[in-house]
Every structure is written in C-alpha cells, then in structure tokens.
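Fold and contact review
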Amino acid sequence: MSVQTLSLKEASCRICDDVASGKSFSVFTLNLDHVVKLRANPAFRAVYERAGIVLADGFPIVLAGRLQGRCLSRTTGADLIVPLCEEASRRGLPVFLLGSTSRSLAGAERHLTNLISNLDVAGTYAPDQGFAAHSEQADEAIEAIRKSGARICFIALGAPKQEIFADRCAREIEGVSFLCIGAGLDFLAGHQKRAPKVFQVTGLEWLWRMLLNPGRLARRYAECLAVLPSVLLDSLSRRSAQAGR
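Structural notes, computed from the coordinates. (Residues numbered from 1 in each chain as written. Predicted model: local features only at pLDDT ≥ 70, side-chain atom pairs only at ≥ 80, totals over all residues. Heavy atoms only, no water.)

This next bit is on the overall build of the chain. Helix and strand content of the chain: 12 helices and six strands. For 245 residues, the compact-globule formula gives about 18 Å, and the C-alpha radius of gyration of the chain, at 18 Å, lands near that figure. Summarising its shape, the C-alpha atoms of the chain cover approximately 50 × 45 × 35 Å along the three principal directions. Within the span of the chain, comprising 245 residues, buried residues form 48% of the whole. (Helix = DSSP H or I, 4+ residues; strand = E, 2+ residues; numbered from the N terminus. Rg over C-alpha atoms; globule rule 2.2 N^0.38 Å. Buried < 20%, exposed > 50% of the residue type's maximum accessible area, 1.4 Å probe, protein only.)

Printed below as a string of structure tokens:
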C-alpha cells in the first residue's frame, strides 16, 4: 500500500481522468484509526491493497510520510467532496451519494447542488442500520448505483464497512470510482459539526471529536496514540534503509 502525494485539486483531476478512461477503483484516506484496524483485520488489509488511490488523512500520517522524505499533505474524504464535485460538474460526470440517513442525504444533495452549478446527482441511497457489504441490501445498493449512470460514488458508512463495500462495488460495477468519506455527508447537511479550522490545520481535529463524544471515542483515540510511536519509528527505519542504498 502506497500513500500518494496528491493535493485536493490533483486528486480530483486524477479521479476524474481515471473514471473517464473507464476504470473502476476505490479511494481511501488513511488515518491512525485505519492503521489500528489494518493491523487487526485481514479483510480490511486486503481491500486497502486493492485500492486505486490512498491519500493521507490525519497529521500523524502526513508526519510519517515526511519522515520518509515524502511531501505529503493532509487530504480527508470530507475535504475532497466539494473539489471533486466541482471537477465532476465541469466534465459532466454524474455523482451518487450513499450512506448516513435519508435526511442527511437530502441536506448534502441540496448543499452541493446549490453550491455547484450543473452538478448532476444521479441518485442517493440510505442503507438501514447494520448494513453489511455482502448482503441483500448491498446487492440492492449496487444495482441502484449501476442503474443511476453515476461515475463517482461517495460512500459514508464509517470504517471498515465503507472501504469493504467500496472495494466490492469497484469489482462489480464498471467505470465508477468509489470515494470513502466517513461523516462527510453529515457535515455538508449540517447534522454534524466539524472541528473549527484551527483544530483542522493544527492536526487536532481528533481532539475536538473526542471532546464532543468522549464516551464513544476515548478508547479509539487511545488505541491510535498507542500505535503512533511504531508508525513513526517504521518511517524513520524506511528513511534510513533508503539512505543506505
């Protein structure tokens, strides 16, 4: 798995270029929570290995890349939604919104179409709670995406469910990219409040989330902090190995 050094604009153009050429692929954004899950979940590791594009989500991943001498920038799934929709609109590529709730989908669609002229939202799909990537409802969602004619699908189900489902979709539907965006649709709809900019630019968005919901997130972020030293040490080891060649 290789994290790619693409800005928001570069990632948007790359995704649209690849879709226009007929490729089907998934787009993931790597963060420390994913690293924890990758170490424990073989299915999650397998879909990450097949991902078409992996971007850096979270300052620790950016720092790890820079320790290897790579010029990474932070690119979250939520940050990529608007620039990718703008590029899709310019190229006439329809988009599909999947995940969260019907209310959030309606709010996100309204926000995007008000913001971006000529954006074609070809369809939306709000799965039931407990949605699984390999289920009858997943079959139904895949058929809805296929019939819509969408070329870019935003999936907001949370990790690792969204990545596993995106991987399945990319292998079963031709000519569509599947971007995993976590809470991105809820942010657009205004149903979840994203961290203020100062938290985002200083790499402390995780702290904002934990302060808002400590009961649910404290353990997750404790696990993330626990793996951080090994991630950084591994990056330094890679840098040393490259320098010794």
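So that's the structure; there's more coming.
Moving on, we come to the layout of surface pockets. By volume, the largest pocket is sized at about 1300 Å³. Lining of the largest pocket is provided by 48 residues; of these, Asn31, Asp33, Arg209, Arg220 and Tyr221 occupy positions nearest its centre. Ranked by the residues each element gives to the lining of the largest pocket, the list is headed by helix α12 (residues 214–243), at seven residues. Class assignment for the residues of the lining of the largest pocket results in 22 nonpolar, 14 polar and 12 charged. (1 Å grid on protein atoms, 1.4 Å probe; cavity = no way out; pocket = protein on both sides within 12 Å on 5 of 7 lines; lining within 4 Å. Points joined across faces, edges and corners; volume = space filled by probe spheres on them. Nonpolar A, V, L, I, M, F, W, Y, C, P; charged D, E, K, R; others polar.)

Residues Leu30, Leu98, Ile145, Cys153, Ile155, Phe165 and Phe178 are the most contacted members of the largest nonpolar core, which totals 45 residues. The leading source of residues in this core is α12, at six residues. If we ignore the near neighbours within four places in the chain, the residues touching Ile145 are Phe96, Leu98, Ala150, Cys153, Cys169, Ile173 and Phe178. Among the nonpolar cores identified, the runner-up in size contains 31 residues, and Val82, Leu93, Phe154 and Leu179 belong to it. (Core = buried A, V, L, I, M, F, W, Y, C linked by side-chain atoms within 4.5 Å. Contact = heavy atoms within 4.5 Å.)

Turning next to the sheet that holds strand β1 (residues 25–30). The strand order across the open sheet built from six strands is β2-β1-β6-β5-β3-β4, with neighbouring strands paired in parallel fashion. Of all the strands in the sheet, the pair left with one neighbour each is β2 (53–56) and β4 (121–125). Mean inter-strand twist for the sheet, computed between neighbouring axes without regard to direction, equals 20 degrees. Across four bridges, the pairing between β1 and β2 is parallel. Across the sheet, Val27 pairs through a bridge with Ile53, a residue of β2. In the packing of helix α8 (residues 161–172) onto the sheet, the strands contacted are β1, β3 (95–99), β5 (152–156) and β6 (177–180), and the crossing angle to β6 comes to about 180 degrees. (Pairing = 2+ DSSP bridges. Axes fitted to C-alpha atoms, helices over the stretch in contact; angles between N-to-C directions.)

All told, the structure shown has 19 salt bridges when counted by the stated rule. The shortest N-O distance in the salt bridge between Arg209 and Glu205 comes to 3.9 Å. Of the two residues, Arg209 and Glu205 are both situated in helix α11 (residues 205–212); the distance of four residues between them amounts to about one turn of the helix. For Glu205, a relative accessible area of 3% puts it in the buried group. Residues Arg219 and Glu223 are paired through a salt bridge, measuring 3.5 Å at the closest nitrogen-oxygen approach. Of this pair, Arg219 and Glu223 both sit in helix α12, separated by four residues, roughly a single helical turn. Residue classification places Glu223 among the partly exposed positions, given a relative accessible area of 33%. (Salt bridge = Lys/Arg side-chain N within 4 Å of Asp/Glu carboxyl O.)

For the rest of this paragraph, the subject is the packing of aromatic side chains. Per the stated rule, a full pass over the model turns up four aromatic pairs. Each member of the aromatic cluster is reached from another via a ring pair, and the members are Phe28, Phe44 and Tyr48. (Phe/Tyr/Trp six-rings, centres within 6.5 Å; stacked < 30°, edge-to-face > 60°.)

The next thing to look at is the pairing of β3. Burial analysis of β3 places five of its five residues in the buried class, which makes it a mostly covered element. Relative to β4, β3 runs parallel, the two being bridged by four bridges. Note on β4: the bridge partner recorded for Val95 is Val121. Where the polypeptide runs from β3 across helix α6 (residues 102–115) and back to β4, its parallel neighbour, the crossover connection is right-handed. Sheet analysis places β3 next to β5, joined by five bridges and oriented parallel. Among the inter-strand pairings, Phe96 is bridged to a residue of β5, identified as Cys153. (Right-handed = clockwise from strand over helix to strand, strands pointing away.)

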